[in-house]
Amino acid sequence: EEITRVPKLFSNGISVQVASSLWLTASLPNGVGVWWDGKSRAYFDVPGSFKGKVKGLCGTFSGNQFDDFLTPDGDIEDCPTGFANKWKTDDFCLDAVMHDTHPCDVNAQARKKAEDNCSVLKGDLFKNCHFQVSP
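Residues numbered from 1 in each chain as written. Predicted model: local features only at pLDDT ≥ 70, side-chain atom pairs only at ≥ 80, totals over all residues. Heavy atoms only, no water.

K.L.:
Please explain the pairing of strand 5 (residues 42–45) as it appears in this structure.
P.N.:
On a regular strand, one side chain projects to one face of the sheet and the next to the other, so that they alternate. Pairing of strand 4 (residues 33–36) with strand 5, which is carried by 4 bridges, proceeds in the antiparallel orientation. Considered in strand 5, the bridge of Val 34 is made with Phe 44. Hairpin geometry of strand 4 and strand 5 is characterised by an intervening segment of 5 residues between the two adjacent antiparallel strands and by a positive phi of about 85° at Gly 38. (Pairing = 2+ DSSP bridges. Helix = DSSP H or I, 4+ residues; strand = E, 2+ residues; numbered from the N terminus.)

K.L.:
Looking at this model, I keep getting lost on the packing of aromatic side chains. Mind explaining?
P.N.:
One pair of aromatic rings is described through two measures. These are the centre distance and the angle between the planes. Following the criterion strictly, the structure yields 2 aromatic pairs and no others. Between Phe 69 and Phe 83 the ring centres are 4.7 Å apart and the planes differ by 20°, which places this aromatic pair in the stacked class. Taken as a pair, Phe 69 in the loop between strand 5 and helix 1 (80–86) and Phe 83 in helix 1 lie far apart in primary sequence, 14 residues in all. Taking the relative accessible area as the measure of exposure, Phe 69 reaches 27% and is therefore partly exposed. Here the basic side chain of Lys 8 rests over the ring of Phe 10, its NZ or CZ set 5.3 Å away from the ring centre. (Phe/Tyr/Trp six-rings, centres within 6.5 Å; stacked < 30°, edge-to-face > 60°. Buried < 20%, exposed > 50% of the residue type's maximum accessible area, 1.4 Å probe, protein only. Lys NZ or Arg CZ within 6 Å of the ring centre and 35° of its normal.)

K.L.:
When you look at the nonpolar core in this model, what are you seeing that I'm missing?
P.N.:
Nonpolar side chains tend toward joint burial in soluble globular proteins. If you look at the biggest cluster of nonpolar residues, it comprises 5 residues: Phe 10, Val 16, Ala 26, Val 32 and Val 34. If sequence neighbours within four positions are ignored, Val 34 has contacts with Leu 24, Thr 25, Ala 26, Leu 28, Tyr 43 and Phe 44. (Core = buried A, V, L, I, M, F, W, Y, C linked by side-chain atoms within 4.5 Å. Contact = heavy atoms within 4.5 Å.)

K.L.:
Help me understand the environment of Ala 19, please; the structure alone is not making it clear to me.
P.N.:
When you line up the elements, Ala 19 lands in the loop between strand 2 (15–18) and strand 3 (24–27). The exposure class of Ala 19 is partly exposed, given its relative accessible area of 38%. The spatial distance from the C-alpha of Ala 19 to the C-alpha of Ala 84 is 29 Å, given a sequence separation of 65 residues. Filtering out sequence-adjacent residues up to four positions away, Ala 19 remains in contact with Leu 24, Thr 25 and Trp 35.

K.L.:
Any chance you could explain the pairing of strand 2 here in plain terms?
P.N.:
Direction of pairing for strand 1 (residues 8–9) relative to strand 2: antiparallel, over a ladder of 2 bridges. Across the sheet, residue Lys 8 finds its bridge partner in strand 2, namely Val 16. Counted between consecutive antiparallel strands, the loop separating strand 1 from strand 2 contains 5 residues, among which Gly 13 sits at a positive phi close to 95°. As paired strands, strand 2 and strand 3 are joined by 4 bridges and run antiparallel to one another. Paired with Val 18 across the strands is Leu 24, a residue of strand 3. If you look at the hairpin formed by strand 2 and strand 3, you'll find 5 residues sitting between the two strands.

Bear in mind that shape data such as this cannot, by itself, settle questions of function.
Listed below in structure tokens is the structure:
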């Protein structure tokens, strides 16, 4: 059903509302929340009761970052491109293509700023977090 006015409450309990000038949100009866910018970004808020019970393009929500690229076939991909291609639902969709070019090579002006920002994450300030999220 097309939404022409918000807020909108559907008979199945899903509600859609405007969160800000940038975001629409959908609240599902099971507690899942979806934030969408209307174009290309979507964020999902999933309750803790789903931990270890989901898989897909947003990961497994298992607490183990090394199984986030679990495919529908049960194997674990080692690159985002291969992982995304395994989750296609339409054979007519083109495969995502891996880009060998490093972002800093594409935008050399931003290299120094990126390296400075990353050095903070890789440094002592976040050292205690490195066991959870590899820098």
